[in-house]
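Results of the structural survey
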Amino acid sequence: MTNEEIKRLVDEVKEEVIAWRRHLHANPELSFQEEKTAQFVYETLQSFGNLEISRPTKTSVMARLIGPQPGRVVAIRADMDALPIQEENTFAFASKNPGVMHACGHDGHTAMLLGTAKILSQLRDQIKGEIRFLFQHAEELHPGGAEEMVQAGVMDGVDVVIGTHLWSPLERGKIGIVYGPMMAAPDRFFIRIHGKGGHAALPHQTIDAIAVGAQVVTNLQYIVSRNVDPLEPLVVSVTQFVAGTTHNVIPGSVEIQGTVRSFDETLRKSVPKLMERIIKGITEAHGATYEFEFEYGYRPVINNNEVTRVIEETVREVFGEEAVDHIKPNMGGEDFSAFQQKAPGSFFYVGAGNKEKGIVYPHHHPRFTIDEDVLEIGVRLFVHAAFKLLAEAS
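Quick notes on the rules
Residues numbered from 1 in each chain as written. Predicted model: local features only at pLDDT ≥ 70, side-chain atom pairs only at ≥ 80, totals over all residues. Heavy atoms only, no water. Core = buried A, V, L, I, M, F, W, Y, C linked by side-chain atoms within 4.5 Å. Buried < 20%, exposed > 50% of the residue type's maximum accessible area, 1.4 Å probe, protein only. Helix = DSSP H or I, 4+ residues; strand = E, 2+ residues; numbered from the N terminus. UniProt positions renumbered as here; feature names shortened; annotations may be inferred. Contact = heavy atoms within 4.5 Å. Axes fitted to C-alpha atoms, helices over the stretch in contact; angles between N-to-C directions. Parallel < 35°, antiparallel > 145°, perpendicular 65-115°, else oblique. Left-handed = near helix turned anticlockwise from the far one by under 90°. Nonpolar A, V, L, I, M, F, W, Y, C, P; charged D, E, K, R; others polar. Phe/Tyr/Trp six-rings, centres within 6.5 Å; stacked < 30°, edge-to-face > 60°.

The name an unreviewed UniProt entry gives the protein is Amidohydrolase, with Parageobacillus thermoglucosidasius as the organism.

Rendered as structure tokens:
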């Protein structure tokens, strides 16, 4: 297929893709609750023909497009869940569900993959191998939908997997490419410090859990600054500190929560030990006790160099040199990494911001939106990449 032929096919479906995105945006569902979303995707896929459609889990969908000739198996993934955010946008297709919003672009991901599936299903006779369309639930909530889908067998026999994220910090027309580590492992910790409460006017009769907790928070910062190679990416962030009920009582305990972000697996495993050493030392020094829990989240997204090279070449060929943007990794998390455990894969960004249109709000903001003109860019890239990845084996 030539660039012009694929562009014509994308032009034919782009209004449908926008309509699908708007329907999904108006009807968002939270992680593990995407029943109506999954049913909408299933029924839409059924209307295309040439697809073998299944429900790997209660709220996910897989469609298989099997060509007439044997070849590679290429999987393309889109996530479908929304966030517990009250939308503040006022456009006609704003969320109808109070307190739930597509504030991260997953509605656009799903619409783009539907458009891709519609185009490729019409081109079945030209498919050498198989393309799997993975519509994933629950990206936003650990343990995540990707792991469930992998356990259900959606990656069995897959040779390569790709996925994308519409990215508002990146301007429309740019494709963000990263080789190697791209997104971090988003781990979580919980600390409870037990002291001895009492009257604020008699602090000597207490073990001040707030004072102890404050030292813990301060000293946790030394993990990054003094215990880890400064060239090794690591984030340790305390994001919650809960204690006390009134001004004249020293509380008996405090609760501290936060997140750790890293790329390297050895470093990732060492951080809980470093944290507990600090927590234990400080609490013992002041006669307090502690509880410590560390929850490992998604694995880091590590892009395969060869698959990423194909994506970059596709971008150059289809959109031109100026579309390629070699961006830095970031410390956000993504459970696309679960698919990468089963096959080499690449995750990339499609620029979705547009300052001229006022589309400048960050992800997870109540006024987040995307430039809908980028949806056709995502579809074109998916279609071209699918053919190119299938051809890599020949």
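**A closer look at the nonpolar core**
Core analysis: the largest hydrophobic core is formed by 68 residues, its most contacted members being Leu45, Leu120, Ile131, Phe133, Phe135, Ile162 and Phe348. For this core, the leading source of residues is helix H9 (residues 375–391), giving 11 residues.

**Comments concerning the UniProt feature "binding site: Mn(2+)" (unreviewed entry) in the protein**
What UniProt calls "binding site: Mn(2+)" (unreviewed entry) maps, in this numbering, to Cys104, His106, Glu140, His165 and His364. The greatest C-alpha distance among the annotated residues, which extend across 261 residues, is 13.5 Å, indicating that they converge on a single site. Among the secondary structure elements, His106 is positioned in helix H3 (residues 106–122). For His106, the residues in contact, after removing those within four places along its chain, are Asp79, Met80, Asp81, Glu139, Glu140 and His165. By secondary structure assignment, the location of Glu140 is in the loop between strand S4 (128–136) and helix H4 (145–151). Relative accessible area serves as the criterion here: at 22%, Glu140 is assigned to the partly exposed category.

**Points about the packing of helix H1 (residues 3–26) against H9**
Geometrically, a packed helix pair is captured by the angle between its two axes and the distance between the axes. Where H1 contacts H9, the axes come no closer than 8 Å and their chain directions differ by 130°. In terms of orientation, H1 lies oblique with respect to H9. Seen from above, H1 lies across H9 with right-handed handedness. Here Asn3, Ile6, Lys7, Val10, Asp11, Lys14, Val17, Ile18 and Arg21 of H1 come into contact with H9, specifically with Leu375, Glu376, Val379, Arg380, Val383, His384 and Phe387. A per-class count over the contact of H1 with H9 returns eight nonpolar, two polar and six charged.

**A closer look at the packing of aromatic side chains**
Overall, the coordinates contain eight aromatic pairs when judged by the stated rule. On the basis of an interplanar angle of 15° and a centroid distance of 4.3 Å, the ring pair of Trp167 and Tyr349 is categorised as stacked. Remark: Tyr349 occurs in strand S16 (residues 345–353) and Trp167 occurs in strand S5 (residues 160–171); sequence separation between them is 182 residues. Aromatic pair Phe348 and Phe382: ring centres 6.3 Å apart, planes at 70°, arrangement edge-to-face. Residue Phe348 is located in strand S16, and its partner Phe382 is located in helix H9; the two are separated by 34 residues in the primary sequence. Look at Phe348 and you get buried, because its relative accessible area is 1%.

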